[in-house]
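Summary of the model geometry
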Amino acid sequence: MHKITMLGTGLIGMFYTMTLHGRRGQDRVAVVYSRKEERARQFAQEWGIPRWTTDMAAAIRDPETDVVVIGLPNNLHEQAVLLAAEAGKAVLCTKPLGRNAAEAKRMLDAVEKAGVFHGYLEDLAYTPKTLKALKSVKSGALGKILWARSREAHPGPHSDWFWDKTQSGGGAIVDLGCHCIAIARNFIGKDVKPLEVMCWADTQVHPIDAEDSAVGLVRYASGAVGQFEVAWTFRGGMDLRDEVSGTEGTIWLNHWLRTGFEMFTAVGERGYVAEKAEGDTGWLFPVGDEVGSLGYADMFADMFDSMDRGVAPMETFYDGYVINAIMDAAYRSVQSRQWEPVILEDWRGAEEAEAGARLTDYDEAHFLIKREVMPDGQVKLILKEKTSGRVVQKIVSA
Ligand SMILES: NC(=O)c1ccc[n+]([C@@H]2O[C@H](COP(=O)([O-])OP(=O)(O)OC[C@H]3O[C@@H](n4cnc5c(N)ncnc54)[C@H](O)[C@@H]3O)[C@@H](O)[C@H]2O)c1
């Protein structure tokens, strides 16, 4: 059983505490930190937390707790991580790890130097659908992964600090792109080096300095492409979808809207429907188990199980650092309108990966490009002549 210091009493502090204290979980929040006394007291009372404080350092150094969970705005992650490392405690930090790779690297260095357990709380890599899909990909069901598309779009975040670039580090890319990049990395393989990024971003709707929409391509050493699509401009709720394609198969995942629970109400129910739902009347898409569907439950299970077993969890601060480095390249690409290299001063995966087209022999003289059964029942073969390189077609009967 672990005793936890929870930093932050906003949306994520609430989801994290709800997950940890739900389902008769053994690990408990023992002290909660919030800026305002009234909020700290109210949160502690609501979630049965014995102690609260408005002093962040005191919460981290609390003698009873052994794990610090960070659910604070992005500009406070580094300070909290450094204090937790100094206190010699396990530290679990929400996404994005840093506002940029330099910040993330300092956090990674601090936890590694202190030798404390570190976990990157990337919940969307842990949704039940993602975990099942990852298992299929790892077992080879899709062959070699070529493309992983991840999309997160909603009408915009719920607190002022997200919209202020100095506190958040950026707009939709840093807020949502970090999830999409993490998902694509898991499908493509974390050992595969991200090489360069091409990204479009714009401020299409909101009067802010940061981007509220972006589409980016991350090219990996294996030849695979990770595509992220993010927006704070999407109307209709929260669109969370992933698509993976490989040489032997395809997976499509829809995590949030229209996933099988659809409800109509003319009068509404005067309250919360699901995260980022835009209304409570008409056709609604409620979610039966939010903390399960968003991956929080499996994420904390992995974090605490790994801690107990003395092994690294699926997502560590190193992953957070790599993701920050990819996002930094995306921001540079938005400015330069060119492919920009991913600068990783610390790369721990493979240097080389097999990229490029596969050659499948058809006969001695030809490679097979494609086989298709046509409406008349004949089979059409598209072949490449080995000596001339010419592409030809051949019709055979089925
Ligand atoms: N799916 C996810 O993993 C997910 C979802 C939402 C948010 N987050 C992350 O969690 C973190 C917090 O986001 P949130 O949605 O809970 O935000 P929020 O605005 O709902 O809550 C932020 C918390 O920090 C406190 N706070 C704000 N400014 C502060 C300051 N200057 N000093 C001390 N405390 C301050 C607020 O009072 C509140 O308790 C962010 O890093 C965000 O990216 C992750």
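Remember, it's a predicted structure, so these values are computed and weren't measured experimentally.

Here the focus is the overall build of the protein. Per the secondary structure count, the protein includes eleven helices and 18 strands. Rg of the C-alpha trace for the protein: 24 Å, near the compact-globule value of 21 Å for 398 residues, within the 12% margin. Judged by the C-alpha coordinates and their principal axes, the protein covers about 75 × 55 × 45 Å. The proportion of buried residues among the 398 residues of the protein is 43%. Contacts in the protein between residues far apart in sequence, at least 24 positions, make up 64% of those at least 6 positions apart.

Of all ten residues that make up helix H4 (residues 77–86), seven are buried, and the element is covered over most of its length. Turning to H4, its buried residues are His 77, Glu 78, Ala 80, Val 81, Leu 83, Ala 84 and Ala 85. Tucked inside the fold, the buried residues of H4 contact strand E1 (3–7), helix H3 (56–61), strand E4 (67–70), strand E5 (90–94) and helix H5 (101–114). A positive backbone phi angle near 70° is found at Gly 88, which sits one or two residues after H4.

Below, the discussion takes up the domain arrangement of the protein. Accessible area lost on assembly of the parts is the figure often given for the size of an interface. Structurally, the protein comprises domain 1 (3–123), domain 2 (125–297 + 308–341) and domain 3 (366–397). Its C-alpha centre places domain 1 at a distance of 60 Å from the equivalent point of domain 3.

Attention now goes to the nonpolar core. Within the largest apolar cluster, 99 residues are counted, with the highest numbers of intra-cluster contacts made by Val 32, Ile 70, Val 81, Val 91, Ile 181 and Ile 326. Two domains each donate at least three residues to this core, and these are domain 1 (3–123) and domain 2 (125–297 + 308–341). Once residues within four sequence positions are removed from consideration, Val 32 is found in contact with Met 6, Thr 9, Ala 40, Phe 43, Ala 44, Ile 49 and Trp 52.

Take the pairing of strand E2 (residues 28–33) next. The pairing of E1 with E2 spans five bridges and is classified as parallel. Its bridge partner lying in E2, Thr 5 is registered against Val 31. Handedness of the crossover joining E1 and E2 through helix H1 (residues 11–21) is recorded here as right-handed. Looking at chain direction, E2 and strand E3 (residues 51–53) are connected through three bridges and run parallel.

On to the sheet that holds strand E11 (residues 239–246), then. Strands belonging to one sheet form pairs held by backbone hydrogen bonds; the direction of such a pair is parallel or antiparallel. One open sheet holds the seven strands; their spatial order is E12-E11-E7-E10-E9-E8-E15, and the pairing between them is mixed. The outermost strands of the open sheet, each flanked by one partner alone, are strand E12 (249–254) and strand E15 (340–341). Examined bridge by bridge, strand E8 (residues 194–202) and strand E9 (residues 213–220) share eight bridges and lie antiparallel to one another. Within the sheet, the bridge partner assigned to Asp 202 lies in E9 and is Ser 213. Its contacts with the sheet put helix H6 (residues 128–138) on strand E7 (145–153), E11 and E12, and the angle it makes with E12 is roughly 175°. Sitting on the sheet, helix H11 (residues 317–336) is in contact with E8, E9 and E15, with an inclination near 55° to E8.

Basis of the calculations
- Residues numbered from 1 in each chain as written.
- Predicted model: local features only at pLDDT ≥ 70, side-chain atom pairs only at ≥ 80, totals over all residues.
- Helix = DSSP H or I, 4+ residues; strand = E, 2+ residues; numbered from the N terminus.
- Rg over C-alpha atoms; globule rule 2.2 N^0.38 Å.
- Buried ≥ 20, exposed ≤ 12 C-beta atoms within 10 Å, placed from the backbone.
- Contact = placed C-beta atoms within 7 Å.
- Domains from an automatic or database assignment.
- Core = buried A, V, L, I, M, F, W, Y, C linked by C-beta atoms within 7 Å.
- Pairing = 2+ DSSP bridges.
- Right-handed = clockwise from strand over helix to strand, strands pointing away.
- Axes fitted to C-alpha atoms, helices over the stretch in contact; angles between N-to-C directions.

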